[in-house]
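Below, each chain spelled out in residue letters.
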Amino acid sequence: MTETATAQAFTVRAARAADMVQIHRMLEPFVQERILLGKDLVVLYEATQEFLVAEVDGRIIGAGALHVMWEDLGEVRTLLVDRDWLHRGVGRAIVEGLERRARELGLSRLFCLTFEVDFFTRRGFAPIGEQVVDPDVYSQLVRSRDEGIAEFLDLAHVKPNTLGNTRMLKLL
C-alpha cells in the first residue's frame, strides 16, 4: 500500500529480518530520550513477524508492531517514525495496517502504552483504568514473562519504566 496524500510517497509493508538493524538504529534516540523502552537486537529479530515498516527508497522511515496478548487482545508496540517524516501520515498508515492485521487475527481490542495520547485518541483509542480483563484472563496474563503484558496489567514492577505514559485501548 502506498500513501501519497501528502505528496511524499512511502510504502508500508511487512518487515523482514534484514530491516531489524535499521529499526534498532531508529529506536535508539527514542530510548535515550526515555520515550520508548529499549529492545535488544535479538528481541527485534524474534519479533520480526509482528512488525510493519514504512519505507522510502529502501530506507525505513517508520515501524510498528502488533503483539497478540490474548484471544481478543493485541498491543501496538514500538511505534516510531523518523523525525524528518513526522506529521506526514507515516504513523497513521502503520497503525491502520496494524489494525487490519489485528482484525485478520480475530482481535477485537488493541492496547497501547504511550506518551502520544493525542495521536492515539485521533485513532479511536481511549485511556483505560486498571481492570480491563476479567479475573480469569488476568490470572492467565499475569503468568506471562512479557513486559508489555505487565505494562498492560499495570503491575508494580514495571511502573518505574512507564511513568508518564498513558494506557489506552481501542475497540475494533
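The structure reproduced in this document is the subject of the present report. All residue numbers refer to position in the chain's written sequence, counted from 1. For a predicted model such as this one, the threshold for reporting local features is a pLDDT of at least 70, and the threshold for listing and counting side-chain atom pairs is 80 or more; totals across whole chains, interfaces and linings nevertheless cover every residue. Here the side-chain values reflect all heavy atoms present in the structure, with hydrogen atoms and water set aside.

## Some words on the side chain of T114
Working step 1: Helix and strand definitions here come from DSSP, where helices need a minimum of 4 consecutive H or I residues and strands a minimum of 2 consecutive E residues; each element is numbered from the N-terminal end. Checked against the element boundaries, T114 lands in strand β6 (residues 109–114).
Working step 2: For each residue, the accessible area found with a 1.4 Å probe, counting protein chains only, is set against the maximum for its type, and the residue is called buried under 20%, exposed over 50%, and partly exposed in between. Judged by its relative accessible area of 7%, T114 is buried.
Working step 3: At 2.7 Å, the side chain of T114 and the backbone nitrogen of E116 are in polar contact.
Working step 4: Excluding residues within four positions of it along the chain, T114 makes contact with F120, N165, T166 and M168. In protein, a polar contact means a hydrogen-donor-capable atom and an acceptor-capable atom, both N or O and within 3.5 Å, with residues adjacent in sequence counting only if both atoms are side-chain atoms; elsewhere, any N or O pair within 3.5 Å suffices. The criterion used for residue contact is that any of the two residues' heavy atoms lie within 4.5 Å.

## Comments concerning the packing of aromatic side chains
Working step 1: By convention, a stacked pair of Phe, Tyr or Trp rings (six-membered ring in the case of Trp) has centres within 6.5 Å and planes under 30 degrees apart, an edge-to-face pair has planes over 60 apart, and any other such pair is tilted. This model, assessed by the stated rule, comprises 3 aromatic pairs.
Working step 2: Here the aromatic rings of F10 and W85 are separated by 6.3 Å at their centres, their planes lie at 80 degrees, and the arrangement is edge-to-face. Residue F10 is found in strand β2 (residues 10–14), and its partner W85 is found in the loop between β5 (73–81) and α3 (90–104); the two are separated by 75 residues along the sequence.
Working step 3: We classify F10 as buried; its relative accessible area is 1%.
Working step 4: Taking the centre distance of 5.1 Å and the plane angle of 90 degrees together, the rings of F119 and F120 count as edge-to-face. Exposure class is identical for F119 and F120. Each is buried.
Working step 5: Each residue in the set F119, F120 and F125 is aromatic and connected to the rest through ring pairs, giving one cluster.
Working step 6: We note R88 situated over the ring of W85; from NZ or CZ to the ring centre the distance is 4.9 Å.
Working step 7: For a lysine, the NZ atom is tested; for an arginine, the CZ atom; a charge sits over a ring if that atom is within 6 Å of the ring centre and within 35 degrees of the ring normal. Its guanidinium or amino end placed over the ring of F119, R123 lies 4.2 Å from that ring's centre, counting from NZ or CZ.

Nothing here speaks to function; it is all geometry.
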